[in-house]
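Fold and geometry: a report
Letter by letter, the chains look like this.
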Amino acid sequence: MTLPLAAWQQLRDRERPSYGQSSDHPVAAVFRCADALLSIDAVFGQDTGALFDISTWGHVVDKSVLGSLEYAVEILKVPLIVVLGHDDCPAMHAALRAWEHAELPGGSMRRVVEHALASVVRRGTAADSVQSVAAAHIVETGVALMQRSPMLSRRVDDRTCGIVSATVSSTDGEVHVHAAFGAVDESVSKVFELV
Ligand SMILES: [Zn+2]
């Protein structure tokens, strides 16, 4: 069984395990923003099937997301969840517009923006740029997984699963780690470049 920190190092270093990775046992689950238009396998240099991929607009947590992640962690024994935001995110731009101009999108898109705004309030950080909104929301998304799922929280507490909240740059591939929970919290490098 892969340990959380080893799984993170595999993604961080873009390593493909020499022993092969069974497609029904992914090394990590990636919960990401749906508008990123990126190949998650390419971001972390993994083969198809090595990552359990879930995306929603603005990486908002709902019961379907929790059910998918609980399946990955409990049934597939995935030792790591990466919550992945990205630079220049349209969802975070929408949240910043809402913050600055009280301009909310209609329909269910509004709920996504409200989630991001709530993240800013909970973090208590200045919402003075799309980057600061994205940083607050990516950390709070990781926290929300533990707060809303006792199953995931228990796995983080007993250190059989870690959570990394990070953002990726689409221009240079650099990944910034904004927070880490569980067995990966001793990970020293907060910024690394995917080459
Ligand atoms: Zn996005």
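Throughout what follows, the structure given in this document is the object of discussion. The shown structure was predicted, so the numbers you read here are calculated from the model rather than taken from an experiment.

Thresholds, definitions, all that
- Counting restarts for each chain: residues are numbered from 1 in the order of the written sequence.
- Selection of residues for local features in this predicted model requires a pLDDT of at least 70, selection of side-chain atom pairs for listing and counting requires 80 or more, and totals for whole chains, interfaces and linings are taken over all residues.
- Note that water and hydrogens are dropped before the side-chain values are worked out from all heavy atoms of the structure.
- Two strands pair under a simple rule: DSSP has to find at least two bridges between them.
- Think of it this way: any DSSP run of H or I at least four residues long counts as a helix, any run of E at least two long counts as a strand, and we number them from the N terminus.
- Where helices are involved, their axes are fitted lines through C-alpha atoms of the stretch in contact, as for all axes, and angles between N-to-C directions lie from 0 to 180°.
- Any angle from 65 to 115 degrees is called roughly perpendicular, while one under 35 is roughly parallel, one over 145 is roughly antiparallel, and all others are oblique.
- Here a crossing is taken to be left-handed if its near helix is turned anticlockwise relative to the far helix by less than a right angle, and right-handed if that turn runs clockwise.
- It only takes one pair of heavy atoms within 4.5 Å for two residues to be counted as in contact.
- Residues are grouped as follows: nonpolar covers Ala, Val, Leu, Ile, Met, Phe, Trp, Tyr, Cys and Pro; charged covers Asp, Glu, Lys and Arg; every other residue, Gly included, is treated as polar.
- Shown as donors are all N, O and S atoms within 2.8 Å of a metal ion, widened to 3.2 Å for Na, K and Ca; because water is not in the atom set, sites may appear incomplete.
- Here the metal geometry follows the donor angles, with tetrahedral for four donors whose angles all fall between 85 and 135 degrees, square planar for four and octahedral for six when opposite donors are more than 155 degrees apart and every other angle is between 65 and 115, and irregular for all the rest.
- Throughout this description, buried means an accessible area under 20% of the type-specific maximum (1.4 Å probe, protein chains only), exposed means over 50%, and partly exposed covers the range between.

By the bridge criterion, 6 bridges tie strand E4 (residues 162-168) to strand E5 (residues 174-181) in an arrangement that is antiparallel. When the sheet's bridge partners are listed, Thr167 is paired in E5 with His176. Taking the residues between adjacent antiparallel strands as the criterion, E4 and E5 are bridged by 5 residues, where Gly173 takes a positive phi near 75°.

As a packed pair, helix H3 (residues 63-75) and helix H7 (residues 150-157) sit with axes 9 Å apart at the nearest point and diverge in direction by 40°. When the interaxial angle is binned, H3 and H7 end up oblique. The way H3 lies across H7 gives a crossing that is left-handed. Along its contact with H3, which presents Leu66, Leu69, Glu70, Val73 and Glu74, the element H7 presents Met151, Leu152 and Arg155. Of the residues in the contact of H3 with H7, the class split is 5 nonpolar, no polar and 3 charged.

Taken together, the protein donors to the zinc ion comprise Cys33 (SG), Asp35 (OD), His86 (NE2) and Cys89 (SG), at separations of 2.0 to 2.2 Å. Coordination at the zinc ion comes from 4 donor atoms whose angles at the metal span 89 to 132°, giving a geometry best classed as tetrahedral. Look at where the donors of the zinc ion fall in the sequence and you get C-x1-D-x50-H-x2-C. Taken together, the residues span a long stretch of sequence, with Cys33 in strand E1 (residues 28-33) and Cys89 in the loop between strand E3 (80-86) and helix H4 (90-101) at a distance of 56 residues. Like Cys33, the residue Cys89 is buried in the burial classification.

This part covers the environment of Glu15. As for its position among the elements, Glu15 is in the loop between helix H1 (4-12) and E1. A C-alpha to C-alpha distance of 33 Å links Glu15 and Arg123, two positions 108 residues apart in sequence. Not counting residues within four places of it along the chain, the set of residues in contact with Glu15 comprises Gln10, Gly45 and Gln46.

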